[in-house]
Structure formats: C-alpha cells, structure tokens
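Now for the letters of each chain:
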Amino acid sequence: MESNNLERCDAGVFEAIARERARQEEHIELIASENFVSKAVLEAVGSVLTNKYAEGYPWKRYYGGCENVDTVEQLAIDRAKQLFGAEHVNVQPHSGSQANFAVYACALNPGDKILTLSLQNGGHLTHGHPKNISGMLYGVSHYDIHAKTGRIDYDQMALIAKAERPKLVTIGASAYPRAIDFKLVAEIAHTNGALVLADIAHIAGLIATGLHQSPVPHCEFVTTTTHKTLRGPRGGMIMCKKEYARAIDSAIFPGTQGGPLMHAIAGKAVCFSEALKPEFVEYQRRVVANASALAGQMAANGYHVVSGGTDNHLMLIDLRTVRGNMSGNDAQVLLERANITVNKNTVPNETRPPFQASGLRLGTPAVTTRGMGVEEMLQIADLITAVLKSAGDEGVIAAARHRAVEICHKFPLHY
Ligand SMILES: *Cc1c(COP(=O)(O)O)cnc(C)c1O
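Residues numbered from 1 in each chain as written. Predicted model: local features only at pLDDT ≥ 70, side-chain atom pairs only at ≥ 80, totals over all residues. Heavy atoms only, no water.

Caption draft 1: Main features of the pattern of salt bridges. Inspection of the entire model under this criterion finds 14 salt bridges. Its salt-bridge partner being Lys183, residue Glu187 comes within 3.7 Å of it at the nearest N-O pair. Remark: Lys183 and Glu187 occur in helix H8 (residues 182-191); sequence separation between them is four residues, near one turn of the helix. Here Glu406 ties to Arg403 by a salt bridge, and the two come within 2.7 Å at their closest N and O atoms. Pair noted here: Glu406 and Arg403 are both in helix H16 (residues 394-410), with a separation of three residues, about one helical turn. Given the relative accessible area of 38%, Glu406 is considered partly exposed. (Salt bridge = Lys/Arg side-chain N within 4 Å of Asp/Glu carboxyl O. Helix = DSSP H or I, 4+ residues; strand = E, 2+ residues; numbered from the N terminus. Buried < 20%, exposed > 50% of the residue type's maximum accessible area, 1.4 Å probe, protein only.)

Caption draft 2: Local environment of the site of the ligand. Taken together, 13 residues are adjacent to the ligand, and Gly96, Ser97, Ser174, Asp199 and Lys228 come closest. In the environment of the ligand, an oxygen atom lies 2.7 Å from a nitrogen or oxygen atom belonging to the side chain of Ser97. In the complex, the protein chains occlude 86% of the 380 Å² of accessible area that the ligand would expose alone. Top element by residues in the shell around the ligand is helix H5 (residues 96-107). It accounts for three residues. Residue classes in the shell around the ligand are distributed as two nonpolar, nine polar and two charged. (Near = heavy atom within 4 Å. Polar contact = N/O pair within 3.5 Å; in protein donor to acceptor, adjacent residues only side chain to side chain. Areas by Shrake-Rupley, 256 points an atom, 1.4 Å probe, with all protein chains shown as cover. Nonpolar A, V, L, I, M, F, W, Y, C, P; charged D, E, K, R; others polar.)

Caption draft 3: Looking closely at the domain arrangement of the protein. We note that the domain assignment places domain 1 (42-275) and domain 2 (286-410) within the protein. Placing a centre on the C-alpha atoms of domain 1 and another on those of domain 2 gives a separation of 29 Å. Contacts between domain 1 and domain 2 engage 19 residues on the former and 21 residues on the latter. Surface buried jointly by domain 1 and domain 2 totals about 1600 Å² across both partners, of which 54% is contributed by carbon and sulfur atoms. For the domain 1 face of the interface with domain 2, the top three residues by lost area are Gln120, Pro177 and Arg178, together amounting to 37%. (Domains from an automatic or database assignment. Contact = heavy atoms within 4.5 Å. Buried area = accessible area lost by both parts, 1.4 Å probe.)

Caption draft 4: Structural detail: helix H12 (residues 278-300). Under the 1.5 Å per step criterion, the end-to-end length of H12 is 33 Å for 23 residues, consistent within 8% with the ideal 33 Å. By the burial criterion, the buried members of H12 are Phe280, Tyr283, Gln284, Val287, Asn290, Ala291, Ala293, Leu294, Ala295, Gln297 and Met298. (Expected span 1.5 Å × (residues − 1).)

Caption draft 5: How the structure looks around the side chain of Asp199. Take Asp199: it is sitting in strand S8 (residues 195-199). Lys228 is the oppositely charged side chain nearest to the buried, salt-bridge-free Asp199, at an N-O distance of 6.7 Å. A polar contact is formed between the side chain of Asp199 and the backbone nitrogen of Ala201, at a distance of 3.1 Å. Leave out the neighbours within four places in its chain, and Asp199 touches Asn100, His127, Ile171, Gly172, Ala173 and Thr223. (Lys, Arg positive; Asp, Glu negative; His and termini not counted.)

Caption draft 6: Here's a closer look at the nonpolar core. Judged by nonpolar contacts, the single largest core of 59 residues is most densely connected at Phe84 and Ile171. Leaving out residues up to four positions away in the same chain, Ile171 has contacts with Tyr143, Ile152, Met157, Ile180, Phe182, Val185, Val196, Leu197, Ala198 and Asp199. (Core = buried A, V, L, I, M, F, W, Y, C linked by side-chain atoms within 4.5 Å.)

Caption draft 7: Focus on unusual backbone geometry. Backbone torsion omega between Phe253 and Pro254 reads 10 degrees, so that peptide bond is classified as cis. Examined against the element boundaries, Pro254 turns out to sit in helix H10 (residues 245-256). One non-glycine residue, Trp59, lies in positive phi territory at about 70 degrees. Assignment of secondary structure puts Trp59 in the loop between strand S2 (56-57) and strand S3 (60-61). The phi angle at Asn349 is positive, at roughly 65 degrees, despite the residue not being glycine. Its location among the elements puts Asn349 in the loop between strand S14 (343-345) and strand S15 (359-363). Judged by its relative accessible area of 52%, Asn349 is exposed.

Caption draft 8: A nonpolar patch on the surface, seen in detail. Together, Leu6, Val13 and Ile17 make up a nonpolar patch on the protein surface, roughly 220 Å² of accessible area in all. With respect to the secondary-structure elements, Leu6 resides in helix H1 (residues 5-9). You can call Leu6 partly exposed: its relative accessible area is 36%. (Patch = residues over 30% accessible without salt bridge, like charges linked within 9 Å, V, L, I, M, F, W, Y side chains within 5 Å.)

Here it is as structure tokens:
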C-alpha cells in the first residue's frame, strides 16, 4: 500500500481534508472545546490499531492477537491514573457522552432522580436534557446559575438536594467560566444521600496540571473527554473509586459499548504522556492567562463578560447589553466571514431560543497551542469588536480577515 493512496483512490475525501487543513491553518479558532493535537497523537490515531478487535479489557479479551493493544491500553490506564491520581480508570468510552451514559447505567435505574445543571445554563445535553436519553430515563431537576453573579447557586443546589433526594448529582459544564467547588458539591450530595458525577470534559487539562481543584478525591465518578483542554484524540474516559471499578467496566463493556477504538486509546496514551510533562503545565498556564487577557479586553471594549471575567479557559459574552442587541447566531456568522471561529451560546437569563442565543462562548486552548500569547489576545478582541460593530460592511470585514490570516501565518500549525 502506498502512502498517497487516499489522494489516488478518493479525490473527494482527500480534497476535503486538504481544504480542512487549510481552514484550520488560516482561521483563529476560539471554540472552547477544540484544540490541535500533536503529530504524535495524530500518528497514533491514524495507525494500524484501527484494524484490531479487542472486546474486553487488557489481558482479559474475547479475541486473540491482543498482546500489543493490551500494552497500549495498559499504558493509557497507568498514565491516566498517575495524571489524575485516580483509583480506577476506564479509557474505552468512545466519547464524553458515552462516558456519562455508562456512569448513569452503573449508578442509576430508570426512573431514579438526578440533580444537574441545565444545558441552557451551561451544562451538557447528557445532563438530563429532555431530548437526550438521560432526560428520558431519569427524573431530572436542575440547580441554576445566579442571574446576577453568573455563578453556580450552591445554596439552591443544597435546598433541592434536600427536597428531592436525588440518587446522583452531576457537576460540570460546557460553558461555565468560573472555578467549580467540587468538594462543596460532594458534601452537599453526600449529606443528602446522593452520589456525585463530576464531568470535567472542558477543564480536564487545568485539573491535570493543578490549576483547578480536582474532583477526584471527592467524587465517586469523574468523566472527561480527552480532546478539549487535555489536547488528545476525540474520546472519553471514566475515573472512579475502587469500589465501583467492576461496575463501571461492565457498564462500558458489555453494558453500553462493543469493541474499543484501540487507535483512539493509543492516542489517549500519547496524550497522557504529553500531559505529564512540565511543558503541559506551562501550556495550561498560558491558556488561562490568555483567556483572562481576552476577557479583559472584551470588557474594556464595552462587552458584558458573564460573571465579570473568567477563572479558566473560556468566557461568555452576553451581547444583549451592546448596541444593536445582536443575537449570538448573527455574531457567529459575521465573525466567520473574518476567519474567526466561535460558537453562539445561551447565557444566564436567556431570552432567545438556543439556535439564536444571546451570547458567544470564546475559549483559548486552540490559539494557545499555536503559540499565541497575551498580545495576540488583545488584537483578537479588537478584531472581534471591529467585526461586530461593522454592520456587515465588507470593507471592515475584509480588513479584519486579512489581519486574522496574518496572525495565523505568524503561528503555523506544523501538520
Ligand atoms: C463536550 C462535553 C461532553 C461530551 O463530549 P462528546 O465527546 O462530544 O460526547 C460531556 N460533558 C461536557 C460537560 C462537555 O463539555
């Protein structure tokens, strides 16, 4: 087989990938859940491990020929344990959503009650949204974000936990800019007889490097994705206390998945080894410093930054307070024309339907991986401001796009 097979055999896919590489190269990526993996991770994910069936767990498989993938999965498990100080790790979830569903399958029976943060307030679909299986199978109640402070209302969480006596409390978010007090949530849950699932999909990189409080000592279950701040391949992972080890493993296989994606697990192993290095701590520090600089400059430019700033890698901009009251969707579309990629997001006290939304979510993991720093964050905030104030004027947008591409070329991706 030749290395240029894809180009020769499938021009459609080959060319779309080439165009996607160029898009990534020439756009300022501010989607908070995205990142750029290392070449080593990419190589592992594109390896022959994709050919292997390995139902089961290392050294206990239902298939022959597993000695090499056993080594890979064990490396991933050992490194993840070291990185997070976890008692037990399962690296097989195909995604963050699969990881969450397996925890539900392990901890709950259909009809049991869960207490969560709603999608609209920054939570995740898998935290009991009515159109997600979690919302169909379980009795869901929600704690809220304080409309004024933009922070999780822990007092309300305690009151609802006491009144509802849920079996599981989930804590973790996709669009929450502030530090989370996992220890306090665990106290509230345990006092009221509930277990805790901490979903650290977004902030896993910060937690792995000690820049955010870890839920691992306090919570029975911790789930994460591996592709957000952790900067690994797309995928999920579950950590849990020893007493739940067997139940979690069987909730993944055979409970909710078949064969593991061994190429993705190899990518996770490489990612964890990278995350154990001192350079990764430095990277996460720069992610946080960049987010803080971007939020500061957006505020200086007159935007309402929800909760007044950020403690982590992302921020929410509430557009309702600026001239014109632009929707998040309109802002996203305008910025896309200037090669700045963001996503619309609902904000606390949302007044629009989710597909319009009144806010933007901006995150710094991807631009920081490219090597951009505080100076670029200030320039990017000013570009965003110019574009949003342009009223769609093509001259203004073209100038911003030109500048955005210039910044990108200064920090190439090296793929
Ligand atoms: C991204 C995310 C997930 C799910 O990840 P997928 O890999 O897209 O399934 C779960 N929980 C939270 C809080 C997330 O942000």
